[in-house]
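Coordinate analysis (summary)
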Number of protein chains: 2
Amino acid sequence: MAKGKYSVDCFQALSDPNRREILMMLTKEKQNINAIADNFNISRPAVSKHIKVLYDSGFITITTQGRERYCELQQQGFDELKEWISFFETYWTKQLKQLEVFLKTRHAKK
Amino acid sequence: MAKGKYSVDCFQALSDPNRREILMMLTKEKQNINAIADNFNISRPAVSKHIKVLYDSGFITITTQGRERYCELQQQGFDELKEWISFFETYWTKQLKQLEVFLKTRHAKK
DNA sequence: GTAATATGTAACTTTTGAATTACGCAATTT
DNA sequence: AAATTGCGTAATTCAAAAGTTACATATTAC
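Residues numbered from 1 in each chain as written. Chains lettered and ligands numbered in written order. Predicted model: local features only at pLDDT ≥ 70, side-chain atom pairs only at ≥ 80, totals over all residues. Heavy atoms only, no water.

Looking at the relation of the copies chain B and chain A
Note the threshold: For this overlay, a least-squares fit was computed on C-alpha atoms, restricted to residues scoring pLDDT of at least 70 in both copies. Any two residues whose heavy atoms approach within 4.5 Å are treated as being in contact.
Placing chain B over chain A gives an RMSD of 0.1 Å and needs a rotation angle of 180°, together with 0.0 Å of translation along the axis. Overall, the copies show the geometry of a two-fold rotation axis. The position closest to the rotation axis in chain B is occupied by the C-alpha of serine 15 of chain B, lying 2.9 Å away. Both copies share a contact surface, since 100% of the interface residues of chain B are interface residues in chain A too.

Here we look at the protein's contact with DNA strand C
Using the following cut-off: Nearness here has a simple test: a residue counts as near a molecule or strand if at least one of its heavy atoms is within 4 Å of that partner. Identification of polar contacts relies on pairs of N or O atoms within 3.5 Å, with a donor-acceptor requirement for protein atoms, meaning one able to donate a hydrogen and the other able to accept it, and with residues adjacent in sequence counted only if both atoms are side-chain atoms. Here a helix means four or more residues in a row that DSSP labels H or I, a strand means two or more in a row labelled E, and each is numbered from the N terminus. Only Asp, Glu, Lys and Arg are considered charged in this grouping, and only Ala, Val, Leu, Ile, Met, Phe, Trp, Tyr, Cys and Pro are considered nonpolar; every other residue, Gly among them, is considered polar.
Around DNA strand C, a shell composed of 22 residues is seen, among which Ser48 and Arg69 of chain A together with Ser43, Lys49 and His50 of chain B lie nearest. Counted by atom, the contact set of DNA strand C within 4 Å of the protein is 63% sugar and phosphate. Arginine 67 of chain A is positioned with one of its side-chain polar atoms (N or O) 3.1 Å from a base oxygen of DNA strand C. Counting residues per element, the ones that place at least two in the surface near DNA strand C are helix H3 (33-37), helix H4 (44-56) and strand S3 (68-73) of chain A together with helix H2 (17-28) and helix H4 (44-56) of chain B. Its residues assigned to classes, the surface near DNA strand C comprises five nonpolar, eight polar and nine charged.

Considering the protein's contact with DNA strand D
Among the 22 residues in the neighbourhood of DNA strand D, the closest are listed as Ser43, Lys49 and His50 of chain A together with Ser48 and Arg69 of chain B. Within 4 Å of the protein, the atoms of DNA strand D are drawn from sugar and phosphate moieties in a proportion of 64%. In this structure, arginine 69 of chain B approaches DNA strand D through a side-chain N or O atom, which is 2.2 Å from a phosphate oxygen. Going through the elements one at a time, helix H2 (17-28) and H4 of chain A together with helix H3 (33-37), H4 and strand S3 (68-73) of chain B are the ones with two or more residues in the surface near DNA strand D. Broken down by class, the residue content of the surface near DNA strand D amounts to five nonpolar, eight polar and nine charged.

So, the interface of chain B and chain A
Put simply, the rule reads: In this description, buried area is defined as the sum, over both parts, of the accessible area (probe of 1.4 Å) that is lost when the two are combined. What makes a salt bridge here is a side-chain nitrogen of Lys or Arg within 4 Å of a carboxyl oxygen of Asp or Glu, nothing more.
Between chain B and chain A, the contact holds 26 residues from the first and 26 residues from the second. A buried area of about 2600 Å², summed over both sides, lies between chain B and chain A, and 75% of it is on carbon and sulfur atoms. Summed over the shared surface of chain B and chain A, the number is four salt bridges. Of the charged contacts in the structure, one is a salt bridge between aspartate 9 of chain B and arginine 20 of chain A, with a shortest N-O distance of 3.8 Å. Put simply, chain B and chain A have two residue pairs in polar contact (both at pLDDT 80 or more) between them. Within the residue set of the side of chain B that touches chain A, elements represented by two or more residues are helix H1 (10-14), H2, S3 and helix H5 (75-109) of chain B. For the side of chain B that touches chain A, the element with the most residues is H5 of chain B, which contributes 13 residues.

A word on the sheet that holds strand S2 (residues 60-65) of chain A
Residue and element names in this part refer to chain A. Put simply, the test is: Here, a strand pair is defined by DSSP locating no fewer than two bridges between the strands. Convention adopted: a line fitted to C-alpha atoms gives each axis, helices being fitted over their contacting stretch, and angles between N-to-C directions are expressed from 0 to 180 degrees.
An order of S1-S3-S2 is seen for the three strands of this open sheet, with the pairing classed as antiparallel. Whereas interior strands pair on both sides, the edge strands pair on one side only; in this sheet they are strand S1 (31-32) and S2. The sheet contact formed by S1 and S3 spans two bridges and is antiparallel. Looking at the pairing, glutamine 31 lines up with cysteine 71 of S3. Its contacts with the sheet place H2 against S1, S2 and S3, and it is angled at close to 90° to S3. Strands in contact with H4 are S2 and S3; relative to S2, the strand with the most contacts, it is inclined by about 120°.

Shown next, in the form of structure tokens:
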């Protein structure tokens, strides 16, 4: 498998529900850390750490504007995920072919 | 978002490297618990628990044959993942459109 | 310049999860 | 029927992750 260029792997990043929620929120609009934190019960520093994980796993970019840091979705993290899934796609198509062969054989025997 | 029918969510299941490795192994062939455990340094009971998690999240089916339990990949778990990703696809296409508009506008101004 | 804002980080606590050992039990084997 | 095999599970330990509070710092506002 491809070795990720990120210090945190995408699966670990997505294992936390709050982090997934943050990603969801970022589909609506670019937001700074405090704005994101306002939507959660957990403390601002906790959110800050989640943001770091999402950054370190390629799911978001961060743009500093003065004292604010704006977070935006980034494709890389999602791509790693998709790549992993695609590995299994070959398995399913192979399964499908075996099913076809089986059905054909059964038909022939009839 | 769709509420999963499984007691363990797919992201939690995939967060452990050993569990992902087990899924990889199952692309080669159907295997029983002990056969799977032989490929890991961790104990058999540990593997047994991982198997349970993979089962409870829809990534594998288990077929009991006498005293053996054969594990096989199942699509459901993977589908949940794909569904989650597809939610973000709309975001990316929207981004792409905005880029187009931006480029067109810039061209017009010239 | 002083106050307020936006944030990162360190120290610590709490929670969660992975691993192990020990055991029990049902299906085979001999 | 006794021994072996293929598991599941409970009890426990250990480590990693998530959360909190407290504090430091840079920017902006007044």
